[in-house]
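Notes for the structure review
Chain by chain, the residues run as shown.
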Amino acid sequence: MTPAEIIAALEANGPLPREALEAAGQSRDAMVPVFLDYIGKLQSGGVDNLEGMDAFVFIFFLLAEWRETRAYRPLAHLLRRDPEFLDALLGDSITEASARVMAGVFDGDLQPLFEILLDDDVDGFLRGEMFDTLAIVALENPDLRPRITQFLIDFFDLTDKVTGEEVWWAWAECIAALGLTKMETAVRAVFESGLITPDHSRIEDFTQRLQATVESGRPDWFTGLSSNMLITDTIAELEPWYCFAPEYLAKKAAGRLNVVSSLMPRSGDPLNGAFTGKIGRNDPCPCGSGKKFKKCCLQ
């Protein structure tokens, strides 16, 4: 397949484009410039301009699988776009994949990650995911731990105090993942000030994670989560997505889809039948817990 044919296949609606993904992997040298150009086109324009540009999620995963460091800075710039655009572009891949994609393409320079984390206009969930990226990077590159630790210490004074709790909790989890016991007092202060509310997380959640890291010498509770594992096989990652399931495709072809969601549920997701309208992160969770979706099953 030519690069143009690969892009066309990735943009087509239908089953997982396995052949195109495999062909891209066999032609990395040719595809990387094409993918970088695709990212460049997404740096401007609005949600309306995304029509017909459905290849990006595949590109996102492939570049991470290939450890393509040339994508690091263009992606860091793209992820700072306005939340509405980012949600339309990535949907639940913001929380499912952005941390490990950015860790996968990381080129050794922490500054682009710091800039995302300090940008109050960036999607709060995306900012939180970048703390996960910092943890992954620190665990993979011990020589970068001192600078990352200093950033975690300075973050309280560097960021706007109206920063959302999804960001503060990710900050706390990063501290726990790195076993930074000297920062426990600072984390407690964040909880006590109400920056993280009880219906989101408890200080006990943090201390348990911190203790587990210290006792075992490694954060198994963090590295064991699929959302924190580096991407090694794009096809295996995307194959379970509900939008590629025969059942979904058959319903779509027959015009019998009642579900319209900003997310892309997986085939084994018990909530697949629960979405009866566009479920936003701030809407009540469809599981009936009474919490907002972002504080419940979205996590």
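As a reminder, the structure under discussion sits directly above these lines.
This write-up is about the structure you can find in this document. On a predicted model such as this, the values are computed, not experimentally measured, just so you know. (Residues numbered from 1 in each chain as written. Predicted model: local features only at pLDDT ≥ 70, side-chain atom pairs only at ≥ 80, totals over all residues. Heavy atoms only, no water.)

**With respect to the overall build of the chain**
On a plain count of helices and strands, the chain comes out with 17 helices and zero strands. Burial status across the chain gives 49% buried among its 299 residues. Sequence separation of 24 or more characterises 67% of the internal contacts of the chain that already satisfy a separation of 6 or more. A total of about 13,800 Å² of accessible surface is found on the chain, and carbon and sulfur atoms cover 50% of it. (Helix = DSSP H or I, 4+ residues; strand = E, 2+ residues; numbered from the N terminus. Buried < 20%, exposed > 50% of the residue type's maximum accessible area, 1.4 Å probe, protein only. Contact = heavy atoms within 4.5 Å. Areas by Shrake-Rupley, 256 points an atom, 1.4 Å probe, with all protein chains shown as cover.)

**Thoughts on the packing of helix H2 (residues 18-26) against helix H3 (residues 28-41)**
Where H2 meets H3, the closest approach of the two axes is 6 Å, and the angle between their N-to-C directions is 105°. Here H2 is positioned roughly perpendicular relative to H3, judged by the angle of their axes. Residue-level inspection shows Ala24, Gly25 and Gln26 of H2 in contact with H3, the latter providing Arg28, Met31 and Phe35. Looking at the contact of H2 with H3 residue by residue, the class counts come to three nonpolar, two polar and one charged. (Axes fitted to C-alpha atoms, helices over the stretch in contact; angles between N-to-C directions. Parallel < 35°, antiparallel > 145°, perpendicular 65-115°, else oblique. Nonpolar A, V, L, I, M, F, W, Y, C, P; charged D, E, K, R; others polar.)

**What about the packing of helix H1 (residues 3-11) against H2?**
Where H1 meets H2, the axes come as close as 9 Å, and the angle between the chain directions of the two elements is 145°. H1 and H2 meet at a crossing whose hand is left-handed. Contacts between H1 and H2 involve Ile6, Ala9 and Leu10 on the former and, on the latter, Ala20, Leu21, Ala23 and Ala24. Counted by class, the contact of H1 with H2 contains seven nonpolar, no polar and no charged residues. (Left-handed = near helix turned anticlockwise from the far one by under 90°.)

**Focus: the packing of aromatic side chains**
On inspection of all chains with the given rule, the structure shows 15 aromatic pairs. Aromatic side chains Phe114 and Phe151 sit 4.1 Å apart centroid to centroid with 5° between the ring planes, which places their arrangement in the stacked category. Residue Phe114 is located in helix H9 (residues 111-117), and its partner Phe151 is located in helix H11 (residues 145-158); the two are separated by 37 residues in the primary sequence. Judged by relative accessible area, Phe114 falls into the buried class, the value being 6%. With centroids separated by 5.2 Å and ring planes inclined at 90°, the aromatic side chains of Trp168 and Trp171 adopt a geometry described as edge-to-face. Here the residue Trp168 and the residue Trp171 both occupy positions in helix H12 (residues 165-177), the gap between them amounting to three residues, near one helical turn. (Phe/Tyr/Trp six-rings, centres within 6.5 Å; stacked < 30°, edge-to-face > 60°.)

**Observations regarding helix H6 (residues 83-90)**
An α-helix turns once every 3.6 residues. As a result, residues three or four positions apart point the same way. Those residues of H6 not exposed but buried are Phe85, Leu86, Asp87, Leu89 and Leu90. Where H6 is buried, its residues contact helix H4 (56-65), helix H5 (72-78), helix H7 (93-96) and helix H10 (124-140). Once H6 ends, the next one or two residues include Gly91, with phi positive near 55°.

**Structural notes on the nonpolar core**
Core analysis: the largest hydrophobic core is formed by 96 residues, its most contacted members being Phe131 and Trp171. If you tally residues by element for this core, the top one is H12, at ten residues. With residues up to four places along the chain from it excluded, the contact list for Phe131 reads Leu117, Phe151, Leu152, Phe155, Val167, Ala170, Trp171 and Cys174. (Core = buried A, V, L, I, M, F, W, Y, C linked by side-chain atoms within 4.5 Å.)

**Here we look at the pattern of salt bridges**
A full pass over the atoms with the stated rule returns 15 salt bridges. Linking Lys41 and Asp37 is a salt bridge whose minimum nitrogen-to-oxygen distance equals 3.6 Å. Of this pair, Lys41 and Asp37 are both found in helix H3, four residues apart, which corresponds to roughly one turn of the helix. Residue Lys41 is classed as exposed on the basis of its relative accessible area, which comes to 53%. Asp37 sits in the partly exposed class, given a relative accessible area of 44%. (Salt bridge = Lys/Arg side-chain N within 4 Å of Asp/Glu carboxyl O.)

**Examining a negative patch on the surface**
A cluster of like negative charges, contributed by Asp48, Glu51, Asp54 and Glu84, occupies part of the molecular surface. By secondary structure assignment, the location of Asp54 is in the loop between H3 and H4. (Patch = residues over 30% accessible without salt bridge, like charges linked within 9 Å, V, L, I, M, F, W, Y side chains within 5 Å. Lys, Arg positive; Asp, Glu negative; His and termini not counted. Charge placed at Lys NZ, Arg CZ, Asp CG, Glu CD.)

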